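# Examination of the molecular architecture
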Amino acid sequence: MASTLEKFIHSLDPRALPRVLQIQSGIYFQGSIYEMFGNECCLSTGEVIKVIGFKINKLIASICENNEESQFSAKVELPLNFPGLYKVVADKTPYLSIEEITRKVSIGPTRFGHPCFYCPEDIKLANFTIKHGEQITFNSVEEVNGTTTVNCGVVRNNQSHSFTLPLSQEGKFYECEDDQIYTLKEIAEWKIPKSRNRIVKLSNTLHMWDSSNPLPENFDGCLILMPVYEVQAVMKFRKDIVHILSDLDVEVKDITDCYDISSFLQPLSLEDVFERTSKEFPMVAEIMEGPQGSQKPYNLLCTGKEIVIYKKYQAKRVLSSEIRSDSPKRHFLIPMSYKGKFKRRPREFPTAYDLEIARSEKEQLHVVATKAFDSPHKELFSVSVGDQFLVQQCQTSEVLCEGRKKVVDVLACEQILSDTYKKVLLPMYMEGGFVEVIHDKKQYQLSEICKEFRLPFNVKVSVRDLSIGDDVLAAVPGLQLEEEITDSYLLISSVSSPVDSWEIPVYRLNMSVHLLSKDVQTVVLPATKTTVEEISEEQYYMVRRYENQTLYPPPRPPKKPTTLAPTPLFAVPTQAVSDKLQAPKNFCEDTTKTFCSNQAADVSELKVGCQNDLMHHEKEKDMTRTATLVETSVVKGLTNKALGKCEREKELKEEHNYDYVDENIIENIRKVFQDTTI
């Protein structure tokens, strides 16, 4: 039976793909000719196509000014990236079976894929009864011994109960109200059921209204969303994949059951190729749809090009992110074969707990405090800005809390004083701030860093990789190497010029090929080229979804009431803290003071400037936010005069180099702060 392409795609279950369709009628009797994504396509009457996939391309929204009960009027076209946050209105039409829900509603592993329903009647299972009106969460669909069931759960008396429902379970299942907000893209991917439309209510706009906005100004009503799908199909006499919008005015008939589907080219994704057995490699393939991107080797993988796929394998990469706060960070996957060299950069630690995680047996962790902390217990140390510590180990200690002795986790450290070291205990819950002091000037290969240090680790490229034409890492001011990951890759080269072979990622490259019956002529593998892969924000979080669970600091006990006047908190800027503060025991024993002869005058000038800044600081409403500006001027006023002209010239010579600051600078900063609070 013939139906419009739109109606067929709207009712098609993705699990039933691929499907063979015959064009019954088009816009013209001779056929329908149109251009989509740069591909000219002719759907003649009687043409046969094989549908291999489909996804939502855009949304047609009907506007309702008042509420979902009103009559919807004007229609507008909305792209998936249209800004705004939306609430989903529960569908009032019930589903009549669990099978219908699994066929029409997206159920998946993410939080978006856990729809909730309720039944107005009790559902009695073998060992559990679902009460009427109780919210049922659909978590996943699985097949065991040929029987498909849905893993569900209900929360009753703050306890979660899990059970399974068979597809044959019947009843009236209504959608529960959803109090979450979503983007249009999230709604399109997870919240629009098959064969149904979706009503949403605009919750929050993400930009100011202008004349280009298709929605009315100050719109506060509802939208009924109808998806328009992009259909991926293979035609009988074409070697590429064609893209057809589902609202194209053609009628089709499903002839899958009476057609030899193997007569079509079989497009394979990189995932499909990777699932082949190792014995099937190497193989020759022709690209049916190439990836987008100007970076090598993606710019070489154009449609119609023949490639050799030598093997599949797992390879290590280091996931890293740009260190910056003023704009979105860039993310990279760095191969272990990267030939550039790195120099260390100071790490920042927000709590004492982070110091415990970062410490290692290889070297003693030396840090300077950038934020003051007043301990609620006399047994534990109160930290001032500029205090320097050598981190020792984690241990427990007894403290007096509300008249009772209590055992808490503490971090044992040695405070570096002018001529001695003092043992102190810092509470693990301490909400302070520390910056690492770097004494190591060595340049490291990536493999050395992963072997000798614990990630995350801050670095900067000091020697770029000359084997890469454009080393993107060299221009990045700072990198945080976050973690090692293992990813899936294919090794490929061009059939026409197999000079170099390239590693291409399996799960981040949108590319389709079909296999050719050709023998691989190359016996010896060409030289393998690896590149630094820059990934998007979405890909970054997809890669990190396998990250180990992060441990969190223990909860902070109740604070004792204090009658002491609050101490102003000052934060020393990271750039002002360098790797030449007073060295720990195992780096330097010489504590000779080499300060400029005019130091006293400089400190006097600094004190006046600091007091002026403090007066301004007290007038500000947000003390925390303005503190950094005040302290930056304090440190600059001291370091510019104390270090002299030669230090300034050295900073200009190498922008990201970390010069030594004499221990007296930190000591004098501390004295000035103390004097100004008297």
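Figured I'd write up the structure that's included with this text.

So, how was this worked out
- Residues numbered from 1 in each chain as written.
- Predicted model: local features only at pLDDT ≥ 70, side-chain atom pairs only at ≥ 80, totals over all residues.
- Heavy atoms only, no water.
- Helix = DSSP H or I, 4+ residues; strand = E, 2+ residues; numbered from the N terminus.
- Buried < 20%, exposed > 50% of the residue type's maximum accessible area, 1.4 Å probe, protein only.
- Contact = heavy atoms within 4.5 Å.
- Areas by Shrake-Rupley, 256 points an atom, 1.4 Å probe, with all protein chains shown as cover.
- Pairing = 2+ DSSP bridges.
- Axes fitted to C-alpha atoms, helices over the stretch in contact; angles between N-to-C directions.
- Core = buried A, V, L, I, M, F, W, Y, C linked by side-chain atoms within 4.5 Å.
- Salt bridge = Lys/Arg side-chain N within 4 Å of Asp/Glu carboxyl O.

### Thoughts on the overall build of the chain
Of regular secondary structure, the chain possesses ten helices and 37 strands. Per-residue burial for the chain yields a buried fraction of 45% across its 678 residues. For the chain, long-range pairs separated by at least 24 residues make up 71% of all intrachain contacts whose partners lie at least 6 apart in sequence. Looking at the chain as shown, the accessible area adds up to about 36700 Å², and 50% of this sits on carbon and sulfur atoms.

### Quick look at the sheet that holds strand β14 (residues 159-166)
What holds strands together in a sheet is hydrogen bonding between their backbones, with the strands either parallel or antiparallel. The antiparallel open sheet is built from six strands, whose spatial order is β8-β15-β9-β12-β13-β14. At either end of the open sheet lies a strand with only one pairing partner, and these are β8 (95-97) and β14. In this sheet, adjacent strand axes meet at a mean angle of 45° when their direction is disregarded. Two elements, strand β9 (residues 116-118) and strand β15 (residues 170-175), share two bridges in a ladder whose sense is antiparallel. Directly across from Phe117, in β15, lies its bridge partner Glu175.

### What to know about the sheet that holds strand β31 (residues 431-436)
Strand order in the open sheet formed by six strands is β26-β31-β27-β28-β29-β30, with antiparallel pairing between adjacent strands. Each edge of the sheet is formed by a strand with only one pairing partner; in this case those strands are β26 (348-351) and β30 (421-427). The sheet shows a mean angle of 40° between the axes of neighbouring strands, taken without regard to direction. Relative to strand β29 (residues 404-416), strand β28 (residues 388-401) runs antiparallel, the two being bridged by twelve bridges. Among the inter-strand pairings, Leu400 is bridged to a residue of β29, identified as Lys405.

### So, the pairing of strand β6 (residues 75-79)
Residue alternation in β6 divides its side chains into a buried set, Val76 and Leu78, and an unburied set, Lys75, Glu77 and Pro79. Bridge count between strand β5 (residues 48-64) and β6: five bridges; the pairing is antiparallel. Bridge pairing in β6 links Lys58 to Pro79.

### Brief notes about the nonpolar core
Ile9, Tyr86, Ile187, Leu223, Leu225 and Ile244 are the most contacted members of the largest nonpolar core, which has 41 residues in total. No other element matches β5, which puts seven residues into this core. Counting residues in each nonpolar core, the second largest holds 25 residues, with Leu355, Ala358, Phe389 and Phe434 among its members.

### Here's the deal with the pattern of salt bridges
Following the criterion strictly, the structure yields 24 salt bridges and no others. Where Asp440 meets Arg344, a salt bridge forms, and the shortest distance between an N and an O atom there is 3.5 Å. One end of the pair, Asp440, is in the loop between β31 and α6 (446-452); the other, Arg344, is in strand β25 (residues 341-344), and 96 residues separate them in sequence. Arg359 is the salt-bridge partner of Glu356, the closest N and O atoms lying 2.7 Å from each other. Taken together, the salt bridges that share partners define one network made up of Arg344, Arg347, Glu363, Glu436 and Asp440.

### Observations regarding the environment of Leu223
Looking at the element boundaries, Leu223 is found in strand β18 (residues 222-235). Among the residues examined, Leu223 registers a relative accessible area of 0% and is labelled buried.

### Some points on helix α3 (residues 184-191)
For α3, every residue scored as buried is listed here: Leu184, Ile187, Ala188, Trp190 and Lys191. Close packing links the buried residues of α3 with β5, β6, β7 (85-88), β16 (181-182), β17 (198-204) and β18.

### Quick notes on the pairing of strand β33 (residues 479-494)
Counting buried residues in β33 gives 13 out of 16 residues, a clear majority hidden from the surface. Examined bridge by bridge, strand β23 (residues 306-322) and β33 share 15 bridges and lie antiparallel to one another. The partner of Lys316 across the bridge, within β33, is Thr486. Pairing of strand β32 (residues 457-463) with β33 involves three bridges; the strand directions are antiparallel. Residue pairing for β33: Val459 is matched across the bridge by Leu479. Bridge count between β33 and strand β34 (residues 500-505): four bridges; the pairing is antiparallel. Pairing of Leu491 across the sheet is with Glu503, part of β34.

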